[in-house]
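Understanding the architecture of this molecule
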Amino acid sequence: MRIGIPSETKTLEGRVALVPAACADLVRRGHEVFIQSGAGLKSGFADEAFAKVGVKIVADAAALYEAGELIVKVKEPIAGDLALLKKHHLLFCYLHLAAEPELTRRLLDIGLTGVAFESVEETNGSLPLLAPMSIIAGRIAVQVGTHLLHQPEGGKGKLLGGLPSTERGKVVVLGAGAAGGNSAALAAASGANVVVFDKRPDRLAQMMALGANVTALYPYDTVVAEEVATADLVVGAVLIPSAKAPHVVTRAMVASMEKGSVLVDISIDQGGCLETSKPTTWKEPTYLVDGVTHFAVTNMPGAVPQTSSQAISAAILPYVQRLAAGKEWRDYTALARGINVEGGEIVHPALQGMV
């Protein structure tokens, strides 16, 4: 099969979907692999590294989309990509359509088959292509939140871990999956007092095991409101697979927080789990609501493209191999579950009725 890897076009997005070593594997299996010139530079991979393993370098996006049958990218297509996508394309990337009705309509109009990374689900319920980027986003959330608490950034000027003679900072994490769990782990390791909310007892037990400075609670509305009101940093990491995220932090809760506090919404790709969230970019990542700094960048892992590209490439390669092998990929349950749109129709149950 002809596999095309375009440059990412989202603002300050540095990732590339497949690194040279992964491309080499596909070439050895007899596939033709094409990459847009410069697509790997921000991740530390020059065109020469791809050419060395048999990848064909094409000059621009138009040539890339013309050459490829299976289009493998990281983030959802935007205007420039959409103009080049055709009905015959099999698109494999993050789509996050629950939060993007206009993108959904465009893909339906094109009529292509779109398999979303975040919807690929194994029979045990795991989301293997969402997990690596969730881990990275969870860690970035605390790193960024720590920085935004600095007074020169408009924060309240608190060091999360504290030190003898000072109080510790308080971090509230909503959701204890891959993203929230990693946020909680990093915040706990910094010495902060951490409160984690989740509905699953097994996850609450895992969070408690992080340390004596971690409290794990069921997310009753009144308890969430009480803990958010006294938090220095709140990380939203609530996920309903492929569906729009529910609002678990209301505007009233945000208003109750001390000015200079910070909210980071990892769930923003799926619409956000904070009522006051709106998508931002790495170019303009923050805004204020009631004196509280909001960070809601929709491609958080794109800030560390070397790490992220290596991680996502390793995760998706086995699935790319199946997609490229022929029509039999539809018999593989995990990929079949990942189909979001096909032939002008919405396929995934979680997306039904959104447009």
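I will try to describe carefully the structure that is included in this document.

Here is what the cut-offs are and how they apply
- Residues numbered from 1 in each chain as written.
- Predicted model: local features only at pLDDT ≥ 70, side-chain atom pairs only at ≥ 80, totals over all residues.
- Heavy atoms only, no water.
- Helix = DSSP H or I, 4+ residues; strand = E, 2+ residues; numbered from the N terminus.
- Rg over C-alpha atoms; globule rule 2.2 N^0.38 Å.
- Buried < 20%, exposed > 50% of the residue type's maximum accessible area, 1.4 Å probe, protein only.
- Areas by Shrake-Rupley, 256 points an atom, 1.4 Å probe, with all protein chains shown as cover.
- Axes fitted to C-alpha atoms, helices over the stretch in contact; angles between N-to-C directions.
- Parallel < 35°, antiparallel > 145°, perpendicular 65-115°, else oblique.
- Left-handed = near helix turned anticlockwise from the far one by under 90°.
- Contact = heavy atoms within 4.5 Å.
- Nonpolar A, V, L, I, M, F, W, Y, C, P; charged D, E, K, R; others polar.
- Pairing = 2+ DSSP bridges.
- Salt bridge = Lys/Arg side-chain N within 4 Å of Asp/Glu carboxyl O.
- Arc of directions from axis to C-beta.

Turning our eyes to something else, we now look at the overall build of the protein. Scanning the protein from terminus to terminus reveals 12 helices and 15 strands. Its C-alpha atoms give the protein a radius of gyration of 21 Å, near enough to 20 Å, the size a compact globule of 355 residues would have. Relative to its 355 residues, the protein shows a buried fraction of 55%. Counting only carbon and sulfur atoms, one obtains 54% of the accessible surface of the protein, whose full area is about 14,700 Å².

Let's shift gears to the packing of helix H6 (residues 131–148) against helix H11 (residues 305–325). Between H6 and H11, the shortest axis-to-axis distance is 9 Å and the interhelical angle comes to 155°. Accordingly, the angle class assigned to the pair H6 and H11 is roughly antiparallel. Between H6 and H11 the crossing geometry is right-handed. Contact residues: H6 offers Pro 132, Met 133 and Ile 136, while H11 offers Thr 307, Ser 308, Ala 311, Ile 312 and Ala 315. A class-by-class count of the residues in the contact of H6 with H11 yields 6 nonpolar, 2 polar and no charged.

With that out of the way, let us pick up the sheet that holds strand E14 (residues 339–342). Taken in spatial order, the 8 strands of this open sheet run E3-E2-E1-E4-E5-E6-E14-E15, and their pairing is mixed. Each edge of the sheet is formed by a strand with only one pairing partner; in this case those strands are strand E3 (56–58) and strand E15 (345–346). Where strand E6 (residues 113–116) and E14 come together, 2 bridges link them in antiparallel fashion. Looking across to E14, one finds that Val 115 is bridged to Ile 339.

With that out of the way, let us pick up the pairing of strand E1 (residues 2–5). Side-chain direction in a regular strand flips from residue to residue, so the side chains alternate between the two faces of the sheet. Pairing analysis gives 4 bridges linking E1 to strand E2 (residues 32–36), with the strands arranged parallel. Its bridge partner being in E2, Ile 5 is matched across the sheet by Ile 35. Across 2 bridges, E1 lies against strand E4 (residues 70–72) in parallel orientation. Considered in E4, the bridge of Gly 4 is made with Ile 71.

Examined against the element boundaries, Ser 43 turns out to sit in the loop between E2 and helix H2 (47–51). Separated by 180 residues in sequence, Ser 43 and Val 223 place their C-alpha atoms 42 Å apart. Aside from chain neighbours lying at most four places away, what touches Ser 43 is Gly 14, Arg 15, Val 16, Pro 305, Gln 306 and Ser 309.

With that settled, consider unusual backbone geometry. Phi at Leu 12 takes a positive value of approximately 55°, unusual for a residue other than glycine. Within the element layout of this structure, Leu 12 appears in the loop between E1 and helix H1 (20–28). Positive phi outside glycine occurs at Ser 242, with the angle close to 70°. By the secondary structure assignment, Ser 242 is in the loop between strand E10 (233–236) and helix H10 (251–256).

By the definition in use, this model includes 18 salt bridges. Here Glu 102 ties to Arg 105 by a salt bridge, and the two come within 3.3 Å at their closest N and O atoms. With Glu 102 and Arg 105 both in helix H5 (residues 101–110) and 3 residues apart, this pair spans about one turn of that helix. Its relative accessible area of 46% is what places Glu 102 among the partly exposed residues. By relative accessible area, Arg 105 is classed as partly exposed at 38%.

Looking now at the packing of H6 against helix H7 (residues 178–189). Running from N to C, H6 and H7 cross one another at 35°; their axes reach a closest spacing of 7 Å. The hand of the H6/H7 crossing is right-handed. From H6, Ala 131, Ser 134, Ile 135, Gly 138, Arg 139, Ala 141, Val 142 and Gln 143 reach across to H7, where they touch Ala 178, Ala 179, Asn 182, Ser 183, Leu 186 and Ala 187. In the contact of H6 with H7, the residues fall into 8 nonpolar, 5 polar and 1 charged.

On to helix H9 (residues 221–229), then. Of all the positions in H9, only Val 224, Glu 227 and Val 228 are classed as buried. Within H9, the buried residues cover an arc of 100° as seen down the axis, which keeps them to one side. Set apart from the buried face of H9 by more than 90 degrees, the exposed residues are Thr 222 and Glu 226. If you follow the buried residues of H9, they end up packed against strand E7 (170–174), strand E8 (193–197), strand E9 (214–217), E10 and H10.

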